[in-house]
Amino acid sequence: MLKRVDTAQPLRILIVEDSEDDTLLLVDQLEIEGGRSVDWQRVETEQALTEALQQHWDIVLSDYTMPHFSGMRALEVVRQHDLDLPFIFVSGTIGENTAVLAMKSGAQDYVMKGNLTRLVPAVERELEEAQLRREQRQAEDMLRKLSLVVEQAAESVIITDPDGCIEYVNPAFERLTGYTRAEAVGCKPSILKSGQQGPAFYQHLWQTVLKGDIFTGTLINRKKDGELFYEDKVITPLKDEQGHIRHFVSTGRNITERVKAEEARAQLAAILEATTDLVAILDLGGCLRYLNNAGYRLLGLDPKTDISKVCLTELFPERIEHQLKNEALPIAYRTGTWSGETALRRIDGIEIPVSQVLLVHYDSAGKVEYLSTIARDISERKRFEAELQHQATHDLLTGLPNRVLLLDRLAAELERARHANNFVAVLFLDIDNFKRINDSMGHAVGDTLLQQIADRLQAALRPNDTIARQGGDEFAIIVGDLPRTENLMVVLRKIYAAFDRPMSLGLQETYITFCTGIAIYPNDGTGVEELLRNAGTALYRAIMSGHNQHRFYAPDMNARSHELLTLETDLRLALKRNEFLVYYQPQAELTTGRIVAMEALIRWRHPQRGLVTPAGFVSMLEESGLIMQAGEWILNQACAEYREMGLHDVRISVNVSASQFNDPDLLHKVCRVMKRDNIPPNALELEMTENTVMQDPAAAAEILKKLRALGVRIAIDDFGTGYSSLSYLKRFPLDALKIDQGFVRDLARDTNDAAIVEASITLGKKLGLEVVAEGVEGKEQFDFLRAHDCDLAQGYYVSRPLRKNELIDLLREGRRW
């Protein structure tokens with residue numbers, strides 16, 4: 001019976017035969033005697049054979065002699081197609097010599113048509129031998145491939161006998177070690193020993209492989225020229241069927257470059273970890289990928305911190321982060337590096353000044369792969385520099401700026417004043433009789449006195465003013481941000497007031513006076529040296545005038561300063577002597593023409609100057625700090641007189657200054673006055689400017705709500721001249737808007753003013769507020785306001801400000817407008 005590996009499949013036979021009958025005989029013989037089904041195809045021409053060979057066949061049976069085709073040609077065609085495909089001649093004419101020739105040409109057997117009993121055994125044998133031939137050919141192909149692999153492998157290969165004698169080395173071994181195959185064969189691998197690894201290492205190696213196990217490890221070997229190299233080595237025992245070791249195969253991969261790179265990295269890592277500078281690697285998103293030990297210490301990070309979550313925003317203060325993003329990174333990306341001074345932020349928020357280098361690293365494609373930075377703590381250097389700078393720019397005795405810093409500060413202050421269109425004052429102070437104190441009590445006491453003077457001057461002046469010691473007993477002061485020259489008088493008062501108390505000199509006390517010379521920018525000079533020179537000249541004049549004198553460089557300022565100081569003195573006396581009066585200006589209702597309200601206005605009855613209007617003294621009240629006392633006086637006086645007048649259908653308005661509005665006791669004071677004088681709800685109205693309530697809108701809203709709760713009406717005075725922030729005004733609990741007289745005065749002649757007044761009235765109505773127009777001087781203005789639905793008019797067209805008895809007379813007349 002026919003044997004085949006896959007018996008489930010039919011036997012596929014290609015038959016080259018010109019006789020259909022002979023073909024069927026062959027098929028019957030194979031199926032009957034062989035016991036297998038047969039798939040077959042008969043061909044009798046070369047073309048048909050060539051086409052049939054495109055399919056898979058188990059065996060070819062061919063006649064030798066055919067009318068249209070030669071059996072030998074058929075054999076040749078089959079062998080060209082497949083060397084291992086079994087080919088058997090089945091012929092009735094083939095002779096012995098011809099059969100021998102056919103066998104030499106590649107046929108596996110021949111069977112005579114007259115004796116087909118040999119057919120099945122012959123086919124069976126050839127099928128088995130064909131399978132063996134295929135397997136052998138595949139093995140040979142695989143061996144050739146393996147041989148090529150070994151020969152062309154990048155890794156070195158050594159094959160030894162069981163005793164370790166080299167039988168084969170590949171070309172990679174030759175390239176790596178410098179030994180040729182002829183030099184290596186017959187030697188032992190010990191020719192590569194470097195002496196860098198001890199006997200214990202090699203003992204372990206041999207113990208491993210002799211047990212039949214595979215050894216893996218790194219060997220430090222030496223080339224023929226003596227150079228060391230590192231190999232990742234795998235040594236595999238090859239065993240026969242009985243398990244006996246017949247050969248050892250050693251493969252080695254040269255890792256010298258990797259080892260050296262790792263050693264270099266290890267050395268670099270050791271250096272990085274040992275350095276006192278912060279070294280960090282950051283990804284392109286600005287987050288840490290590596291931080292050395294110094295970095296952890298400098299930033300105050302716990303060594304267990306997951307640094308991958310720490311980014312630029314946490315490493316640097318916000319201003320430095322902006323500097324890095326806007327300056328450092330663009331330069332580093334453009335040039336590869338940036339260096340400069342920045343500051344790190346520790347985890348506890350403390351800033352550390354550092355000298356920093358930022359580097360950009362690229363991959364092989366030229367794209368930015370990551371960033372690195374090195375930062376050195378320069379805190380000590382900065383402290384030392386600051387100390388040197390302080391010593392160079394400050395007086396050692398008093399700690400005040402010296403002349404060097406004075407010049408710098410004055411130049412900066414003048415530059416600011418030029419932009420802001422403000423005034424700047426330079427004051428030179430010279431202590432009276434200092435030499436006598438120094439000589440009589442000793443230099444130590446004199447030094448202590450100078451220190452106390454410096455302290456008092458600093459306490460008296462604003463933080464942005466500069467106080468410097470010129471030398472000896474002379475001080476210099478720079479006062480900036482002066483909208484008007486008169487504002488300087490406030491500063492002078494504070495300076496002189498600071499020395500109203502005696503100075504302690506050990507066990508003694510003494511009063512200190514001084515002379516002051518003043519020069520003002522730009523009136524007395526526009527340059528630093530010019531102003532200092534003129535302040536010195538003014539000081540000389542003050543000293544020549546006697547003790548405790550002050551002089552301005554400009555003569556007219558001396559007269560003005562005397563006038564202002566006199567005015568302040570008179571105002572203080574006016575409060576004590578009850579020289580202030582309350583005048584009332586009526587407000588007429590435009591729909592009815594009758595008087596429904598009045599504004600309380602302060603006047604000053606000066607003993608020599610007579611009646612003084614607010615324009616002549618209110619600004620001094622504010623500058624001198626007397627505005628609080630004056631404001632409280634007029635609130636109390638107006639309410640008291642309101643009660644005395646017995647008015648019930650006329651309300652009274654009182655102005656509240658910014659100082660009063662910010663007084664924590666304002667609510668208490670208003671409440672007390674209303675109770676004392678029995679002021680009914682909505683009879684008292686407090687007026688304040690937009691600027692006053694907009695200093696702190698949230699706090700102002702709370703105060704206004706509490707005033708409203710007391711029954712006090714709230715009016716915004718001089719509307720349109722301040723912030724005019726409608727988004728806030730609509731949130732305030734207001735009752736009235738007072739249109740500033742600057743818009744009302746010319747509304748009949750100025751279309752812009754008319755439009756502003758009309759818009760203000762409309763706005764007030766939309767907000768549900770009463771609208772009062774100030775400064776109504778004529779009928780034309782009055783008629784315009786009435787035509788545009790304004791509520792109240794106040795001004796000389798209605799009435800000038802009146803004393804209490806005059807107001808009562810006017811109300812009794814019942815006059816309407």
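Fair warning: this is a prediction, and the values are worked out from it, not measured in the lab.

Go over the pattern of salt bridges, please, and point to the residues and values.
For the structure on display, the rule yields 60 salt bridges. In this structure, Lys382 engages Glu385 in a salt bridge whose closest nitrogen and oxygen atoms are separated by 4.0 Å. Here Glu385 and Lys382 lie together in helix α13 (residues 379–393), a separation of three residues that amounts to about one turn. Note that Arg713 and Glu685 form a salt bridge whose closest N and O atoms lie 3.0 Å from each other. With a gap of 28 residues between them, Arg713 in strand β28 (residues 713–719) and Glu685 in strand β27 (residues 684–689) connect regions that are remote in the sequence. Comparing Arg713 with Glu685 shows no difference in burial state: the two are buried. The network of salt bridges with common partners includes Asp109, Arg118, Arg125, Glu126 and Arg133.

Account for the nonpolar core, naming residues and giving values.
Residues Leu684, Leu686 and Leu785 are the most contacted members of the largest nonpolar core, which totals 77 residues. Looking at which element gives the most residues to this core, the answer is helix α21 (residues 627–645), with nine residues. Residue contacts for Leu686: discarding those within four places in its chain leaves Leu635, Val654, Val656, Val670, Leu707, Val712, Arg713, Ile714 and Ala715. If you look at the next biggest cluster of nonpolar residues, it comprises 33 residues, including Phe434, Phe475, Val479 and Val491.

Please set out the packing of helix α23 (residues 666–676) against helix α25 (residues 697–709) residue by residue, giving values where relevant.
Between α23 and α25, the least distance of the axes is 11 Å, while the angle of their chain directions is 15°. On the basis of their axis angle, the class for α23 and α25 is roughly parallel. By crossing handedness, the relation of α23 to α25 is classed as right-handed. Here Leu666, Leu667 and Val670 of α23 come into contact with α25, specifically with Ile703, Lys706 and Leu707. Its residues assigned to classes, the contact of α23 with α25 shows five nonpolar, no polar and one charged.

Quick one: what's the story with α25, residue by residue and with numbers?
An α-helix turns once every 3.6 residues. As a result, residues three or four positions apart point the same way. Relative to the 18 Å expected for 13 residues at 1.5 Å per residue, α25 spans 18 Å between its end C-alpha atoms, a close match to the ideal helical length. Buried residues of α25: Pro697, Ala700, Ala701, Leu704 and Leu707, and no others. In an axial view of α25, the angular spread of the buried residues amounts to 125°, which keeps them on one side of the axis. In α25, those exposed residues whose orientation departs by more than 90 degrees from the buried face are Ala698 and Ala709. Backbone geometry just downstream of α25 places Gly711 in the positive-phi region, at approximately 90°.

How would you sum up the sheet that holds strand β17 (residues 466–471)? Please name residues and give values.
Spatial strand order, β17-β18-β16-β21-β22: five strands in an open sheet with mixed pairing. Where the open sheet ends on each side, the last strands, each with one partner, are β17 and β22 (550–552). Across the sheet, the mean angle separating the axes of adjacent strands is 20° when strand polarity is ignored. Looking at chain direction, strand β21 (residues 514–521) and β22 are connected through three bridges and run parallel. Paired with Ile518 across the strands is Phe552, a residue of β22. Sheet strands in contact with helix α14 (residues 403–420) are β16 (423–431), β17, β18 (474–482) and β21, and its direction is about 15° off that of β18. Set on the sheet, helix α16 (residues 443–460) makes contact with β16, β17 and β18; between it and β18 the angle comes to about 5°.

Mind laying out the packing of α21 against α23, listing which residues take part and the relevant values?
Two numbers describe a pair of packed helices, the interaxial angle and the distance between the axes. Across the interface, α21 lies against α23 with an axial gap of 9 Å and an inter-helix angle of 20°. Put simply, α21 runs roughly parallel to α23. Seen along the crossing, α21 lies across α23 with a hand that is right-handed. Contact residues: α21 offers Met628, Glu632, Leu635, Asn636, Cys639, Ala640 and Arg643, while α23 offers Lys669, Val670, Val673 and Arg676.

Which residues make up a nonpolar patch on the surface, and what are the values?
On the surface, a cluster of nonpolar side chains totalling about 330 Å² of accessible area is made up of Tyr540, Ile543 and Met544. Along the chain, the position of Tyr540 falls in helix α18 (residues 528–544).

Analysis parameters
Sequence order as written defines the numbering, with residues in each chain counted from 1. Note on the predicted model: pLDDT of at least 70 is required for a residue's local features to be given, and 80 or more for side-chain atom pairs to be given and counted; whole-chain, interface and lining totals, by contrast, use all residues. With hydrogens and water stripped out, all remaining heavy atoms of the structure feed into the side-chain values. Only one rule defines a salt bridge in this text: a Lys or Arg side-chain nitrogen within 4 Å of an Asp or Glu carboxyl oxygen. In DSSP terms, a helix is any run of H or I states spanning at least four residues, a strand is any run of E spanning at least two, and both are numbered starting from the N terminus. Burial here depends on accessible area, computed with a 1.4 Å probe over protein chains only, as a share of the maximum for the residue type. Under 20% is buried, over 50% is exposed, and the range in between is partly exposed. As used here, the term nonpolar core means buried Ala, Val, Leu, Ile, Met, Phe, Trp, Tyr and Cys residues forming a set that is joined through side-chain atoms within 4.5 Å. Pairs of residues are marked as contacts when any of their non-hydrogen atoms sit within 4.5 Å. Working convention: axes come from line fits to C-alpha atoms, limited for helices to the stretch in contact. Angles between N-to-C directions cover 0 to 180 degrees. Here the angle decides the label: under 35 degrees means roughly parallel, over 145 means roughly antiparallel, 65 to 115 means roughly perpendicular, and every other value means oblique. Two helices crossing with the near one rotated counterclockwise from the far one by less than a right angle form a left-handed crossing, whereas a clockwise rotation gives a right-handed crossing. Amino acid classes used here: Ala, Val, Leu, Ile, Met, Phe, Trp, Tyr, Cys and Pro are nonpolar; Asp, Glu, Lys and Arg are charged; the rest, including Gly, are polar. Here the expected length of a helix is defined as 1.5 Å per residue gap, with one fewer gap than residues. Along the arc lie the directions from the helix axis toward the C-beta atoms. Strands qualify as paired when DSSP identifies two bridges or more between them. Like charges are joined within 9 Å and nonpolar side chains (Val, Leu, Ile, Met, Phe, Trp, Tyr) within 5 Å, but only among residues with over 30% relative accessible area and no salt bridge; these make up the patches. For every accessible area listed, the method is Shrake-Rupley and the probe measures 1.4 Å; residues are considered covered only by the protein chains on display.

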